[in-house]
Amino acid sequence: MAETKTTIPAIDRAVDVIELISASEKEMSLSEIIENVDIPRQSLIRILNTLCGRGFLDKSGKRGLYRMGLRFLYLGHRLHDKFELRRFAWPYMKALSEKTRKTIELSTLDHDQLILLEQIPGSEGTALYSRVGSVYPYFHAVSVGKVYLSLMNEEKRQRVLGKIGLPAVTPHTITDFPALDKELKAVAQCGYGFEDQELREGVRRVAAPIFSFNGELAGCIGLSAPIFSFDLTEKEKFGQMVREAGQQVSMEMSAQRGME
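Residues numbered from 1 in each chain as written. Predicted model: local features only at pLDDT ≥ 70, side-chain atom pairs only at ≥ 80, totals over all residues. Heavy atoms only, no water.

### Comments concerning the packing of aromatic side chains
By convention here, two paired aromatic rings are described through the distance between centres and the angle between planes.
So, step 1. Summed over all chains, the structure comprises two aromatic pairs.
So, step 2. The ring of W90 carries the charged tip of R86 above its face, separated from the ring centre by 4.7 Å.
So, step 3. Seen from the ring of F88, R87 lies directly overhead, with NZ or CZ sitting 4.5 Å from the centre. (Phe/Tyr/Trp six-rings, centres within 6.5 Å; stacked < 30°, edge-to-face > 60°. Lys NZ or Arg CZ within 6 Å of the ring centre and 35° of its normal.)

### Here's the deal with the sheet that holds strand β4 (residues 113–120)
So, step 1. One open sheet holds the six strands; their spatial order is β5-β4-β3-β8-β7-β6, and the pairing between them is antiparallel. Only two strands of the sheet have a single partner each, and these edge strands are β5 (135–136) and β6 (193–196).
So, step 2. Sheet topology places strand β3 (residues 103–110) next to strand β8 (residues 217–226); five bridges connect them, and they run antiparallel. The residue of β8 that forms the bridge with L106 is I221.
So, step 3. Strand contacts of helix α5 (residues 143–151): β3, β4, β6, β7 (203–211) and β8, with the helix running at about 40° to β7, the strand carrying the most contacts. (Pairing = 2+ DSSP bridges. Helix = DSSP H or I, 4+ residues; strand = E, 2+ residues; numbered from the N terminus. Contact = heavy atoms within 4.5 Å. Axes fitted to C-alpha atoms, helices over the stretch in contact; angles between N-to-C directions.)

### Some remarks on the side chain of K102
So, step 1. Within the secondary structure, K102 is located in the loop between α4 (71–100) and β3.
So, step 2. Judged by its relative accessible area of 11%, K102 falls in the buried class.
So, step 3. At 2.8 Å, the side chain of K102 and the backbone oxygen of S229 are in polar contact.
So, step 4. Ignoring sequence-local partners within four residues, the contact set of K102 consists of S97, I120, P121, G122, E124, L223, S224, A225, S229 and F238. (Buried < 20%, exposed > 50% of the residue type's maximum accessible area, 1.4 Å probe, protein only. Polar contact = N/O pair within 3.5 Å; in protein donor to acceptor, adjacent residues only side chain to side chain.)

### Things to note about the pattern of salt bridges
So, step 1. Applying the stated rule across the entire model yields 13 salt bridges.
So, step 2. Across the pair K146 and E198 runs a salt bridge, and its minimum N-O distance is 2.7 Å. Placement of K146 in helix α5 and of E198 in the loop between β6 and β7 is noted, with a sequence separation of 52 residues between them.
So, step 3. Residue classification places E198 among the buried residues on the basis of a relative accessible area of 5%.
So, step 4. Note that E195 is salt-bridged to R205, the shortest N-O span being 2.7 Å. Residue E195 is located in strand β6, and its partner R205 is located in strand β7; the two are separated by 10 residues in the primary sequence. Pair check on accessibility: E195 and R205 agree, each one buried.
So, step 5. Through salt bridges with shared partners, a single ionic network connects E154, R157, D181 and K185. (Salt bridge = Lys/Arg side-chain N within 4 Å of Asp/Glu carboxyl O.)

Now the structure itself:
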């Protein structure tokens, strides 16, 4: 692959190796790889060792042949799960958007981080929370995080919260554990999380869980809006709407799995 000022040569070379081996119908020896890539021998060996060490390639012990590793299979399953979540949730996100004119969000958990997977902007014309692919930094300050925390066992909850504590993101953020524990019990009881200017001043948000066919928490569907268009008296109404949407997506995912 031709190198440019905007690329990193070592990564380009690693990708070249991966593409070569993935396209081969058989395992490849070091000499075969050298013949097909424009990479110095010692650099190639370091690249191969790194890819093998990370599980992206496998090397047979006696023959020293290289093949694709199982790491790609693992990553493929994770990516597939996220695409599936978006596919099932999208019609219900659209329906909520059309009905409420608010910003509708789809979030999931990846490596103990909350990720914004999809978003339909509301009619207010305000970007309420960054862009798709962004990370929610604090579990305790956002409705999605409260849903996840409410469904965790005590040990995992303490581990997640212990990483950063309960910092005050805004003057409205819950910053003590007894108050948060009370909040999480309310989330478990009503079936949705609520956030009142706790991550960003002037923004309120509700979110409800989506469960996979095996009962595991797959993600959350949520609604957010500026406080001038999301009055506190509407909390229960919007909460019930996202809860029902989450339940419908969960049933769709379970039904689809049952037909496979």
